[in-house]
There are 2 protein chains.
Amino acid sequence: MTAKSKTSTSEGAPGAVWFRPEKQSRTKPLLTQDKIVSAAVELLDRDGVRQLSMRKLADRLQAHATSLYWHVSTKDDVLDLALDAVFGEVRLPVESGPSWRDDIIAFMAELRRVLLDHPWAAALASTRPLAGPNALARSEFVYAALAAAGFGRADVLAAGAAVSNYVIGSVSAESVWRHQDEAGTRSALAEHLRAREADYPALAGNFPADGGDWQAHFDRGAQYLVAGMAATAGLE
Amino acid sequence: MTAKSKTSTSEGAPGAVWFRPEKQSRTKPLLTQDKIVSAAVELLDRDGVRQLSMRKLADRLQAHATSLYWHVSTKDDVLDLALDAVFGEVRLPVESGPSWRDDIIAFMAELRRVLLDHPWAAALASTRPLAGPNALARSEFVYAALAAAGFGRADVLAAGAAVSNYVIGSVSAESVWRHQDEAGTRSALAEHLRAREADYPALAGNFPADGGDWQAHFDRGAQYLVAGMAATAGLE
DNA sequence: ACCTGAACACCGTTCAAGT
DNA sequence: ACCTGAACACCGTTCAAGT
């Protein structure tokens, strides 16, 4: 009986290895943190932060929601990791150029570009500490550039914060208007302002009919900031 | 029989009005949009945006969650209304002063004060169009001040946006660090940076041990912005 | 007109159980 | 070590029903 069952499975027989499914595939996990994070970024890009759930995320990975918790301890972890992955897309120059102003301006434009690529990211960045390795590396770049330019400690701290906060605040606003029903709410607001021109004369008079040039406004604001930094700290 | 029941309830008898519960209390709704919104602001202040649910909000008003939907059509409505109520706390001067720079600086400080009073508000403002009457009135003030100062249209638009975006971005970051486990994450980050000083020399060298002077950094950044606006537009 | 109650289709997360 | 399944305590919202 025992002998029969042994031979019927032929477990230890010579050559049997080749006909057995690779044990490797069992030892290598189906899910990894990296896979979870990239799937999260894809879903966030497609549907936004409010639509992301652990169940949908697991579905996309052909796994069960509860399986995610082996690799990640909460949904907040997923969001923190996804956000830092986005910061990882910000390209930094290998070394700083001759003009700190150009470096800072270029950094702001690049950060804006990446955040606009992921319309959920800027608003999400407003809700949590940016302490992931990619976010820190980007902060390090700004601080180092400012310190190298000759800014004192107080200016490095204030200017470093101002640069990030201006970009994140601006891109949040832009993402809201660009992705949350582009034409709809904007034209509704335009109509609303026209109807109440007496209450909001300056607003009604300046509100851009065509939607406005986000990039131009952003760049101009960035110029204000660096020009003010230069003037206040006496650096050119 | 019918006569008896009539007299037993004495519905129409003279003097009966005084002993009957006021019909007014039935005709006047228990819930109003205003009550819902102020309760929402209280709960948001106490527990944050993630803890707010329609059920908890209704509980606090001694009503059922489903009753709220008579006065408000979605939870998003509640959030929009609560946020605009906060903007209503921003005090604007009755008329602008002699210096547009002082007016703008004062506005930024006042907006920051109010947003810090409601730590959920700045981050929430990053996620939706700010089109409520109070938010619009505050934008109107900024645009009007800039236009009166002599800024051209492009500068009014860019500077008006920059002012709001800088404040909202800055207060979001400050609220995160001040309210989301004040000491905990900050000291964890300090420790983390110290351990990786080689990776983040500028960051580690400048990271404030005591938590930093948020107000001072904010004010300095505001100065950069208005100084840059003045210089770029050639106005003093 | 305003409020309630039941119901639907979801959530994040825990934990024992499987392999 | 990694994944599944059942379960818990929630969600926002709809809609028929009550008053």
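None of the values given here were measured: they were computed from a predicted structure.

## A word on the side chain of B:N165
- Among the structural elements, B:N165 can be located in helix α9 (residues 153-179).
- On the accessibility criterion, B:N165 (11% relative accessible area) is buried.
- Ignoring any residue separated from it by four or fewer positions in sequence, one finds B:N165 in contact with A:N165, A:G169, A:S170 and A:A173.

## Points about helix α13 (residues 214-233) of chain A
- Spanning 20 residues, α13(A) covers 29 Å between terminal C-alpha atoms, matching the ideal 28 Å at 1.5 Å per step.
- Buried within α13(A) are the following residues: A:H217, A:F218, A:G221, A:A222, A:Y224, A:L225, A:V226, A:A227, A:G228, A:M229 and A:A230.
- On its buried face, α13(A) is in contact with α7 (100-117), α9 (133-149) and α10 (153-179) of chain A together with α9 and α12 (214-233) of chain B.
- A:G234 sits one or two residues past α13(A) and shows a positive phi near 70°.

## Re the UniProt feature "domain: HTH tetR-type" in chain A
- Under the present numbering, the feature "domain: HTH tetR-type" in UniProt falls on residues 30-90 of chain A.
- Here residues 30-90 of chain A runs as 64% helix and 0% strand, with 29 Å between its end C-alpha atoms.

## Some points on the nonpolar core
- Core analysis: the largest hydrophobic core is formed by 137 residues, its most contacted members being A:L57, A:M108 and B:L57.
- Leave out the neighbours within four places in its chain, and B:L57 touches B:I36, B:A39, B:A40, B:L43, B:L52, B:L68 and B:V78.

## Some remarks on the protein's contact with DNA strand C
- Surrounding DNA strand C, one finds 18 residues, the nearest of these being A:R55, A:T66, B:L30, B:S67 and B:H71.
- By atom count, sugar and phosphate contribute 55% of the portion of DNA strand C lying within 4 Å of the protein.
- A distance of 2.5 Å is found between a base nitrogen of DNA strand C and a side-chain nitrogen or oxygen belonging to A:R55.
- Measuring from a base oxygen of DNA strand C, one finds a side-chain N or O atom of B:T66 at 3.0 Å.

## Here we look at the protein's contact with DNA strand D
- Neighbouring residues of DNA strand D: 18 residues in total, closest A:L30, A:H64, A:H71, B:R55 and B:T66.
- In the interface set of DNA strand D, defined as its atoms within 4 Å of the protein, sugar plus phosphate atoms amount to 55%.
- Within the side chain of A:W70, an N or O atom sits 3.4 Å from a phosphate oxygen of DNA strand D.
- Separating a base nitrogen of DNA strand D from a side-chain N or O atom of B:R55 is a distance of 2.5 Å.
- For the surface near DNA strand D, the secondary-structure elements that each account for two or more residues are α5 (65-68) of chain A together with α4 (54-60) of chain B.
- When residues of the surface near DNA strand D are assigned to their parent elements, the largest contribution, three residues, is made by α4(B).

## Quick word on the UniProt feature "DNA-binding region" in chain A
- As annotated in UniProt, the feature "DNA-binding region" corresponds to residues 53-72 of chain A in the numbering used here.
- Span residues 53-72 of chain A is 55% helix and 0% strand, its end C-alpha atoms 14 Å apart.

## Some points on the domain arrangement of chain A
Residues and elements named next belong to chain A.
- Taken domain by domain, chain A comprises domain 1 (16-87) and domain 2 (100-233).
- Its C-alpha centre places domain 1 at a distance of 32 Å from the equivalent point of domain 2.
- Each partner contributes residues to the interface: domain 1 has 13 residues there, and domain 2 has 16 residues.
- For the pairing of domain 1 and domain 2, the buried interface totals around 1,300 Å² over both sides, and the portion due to carbon and sulfur atoms is 69%.
- Seen at the junction of domain 1 and domain 2, the total is two salt bridges.
- Among the ionic pairs, D80 bridges to R128, the shortest N-O distance being 2.8 Å.
- Counting across the domain 1 and domain 2 interface gives six residue pairs in polar contact (both at pLDDT 80 or more).
- When contributions to the side of domain 1 that touches domain 2 are tallied by element, the ones reaching two or more residues are α3 (33-47) and α6 (75-87).
- Per-element accounting of the side of domain 1 that touches domain 2 gives the leading share, nine residues, to α6.

## A word on α9(B)
- In this model, α9(B) (27 residues) spans 38 Å end to end at C-alpha, consistent with the 39 Å of a helix rising 1.5 Å per residue.
- Most of α9(B) is tucked away: 21 of the 27 residues are buried.

What counts as what
Residues numbered from 1 in each chain as written. Chains lettered and ligands numbered in written order. Predicted model: local features only at pLDDT ≥ 70, side-chain atom pairs only at ≥ 80, totals over all residues. Heavy atoms only, no water. Helix = DSSP H or I, 4+ residues; strand = E, 2+ residues; numbered from the N terminus. Buried < 20%, exposed > 50% of the residue type's maximum accessible area, 1.4 Å probe, protein only. Contact = heavy atoms within 4.5 Å. Expected span 1.5 Å × (residues − 1). UniProt positions renumbered as here; feature names shortened; annotations may be inferred. Core = buried A, V, L, I, M, F, W, Y, C linked by side-chain atoms within 4.5 Å. Near = heavy atom within 4 Å. Polar contact = N/O pair within 3.5 Å; in protein donor to acceptor, adjacent residues only side chain to side chain. Domains from an automatic or database assignment. Buried area = accessible area lost by both parts, 1.4 Å probe. Salt bridge = Lys/Arg side-chain N within 4 Å of Asp/Glu carboxyl O.

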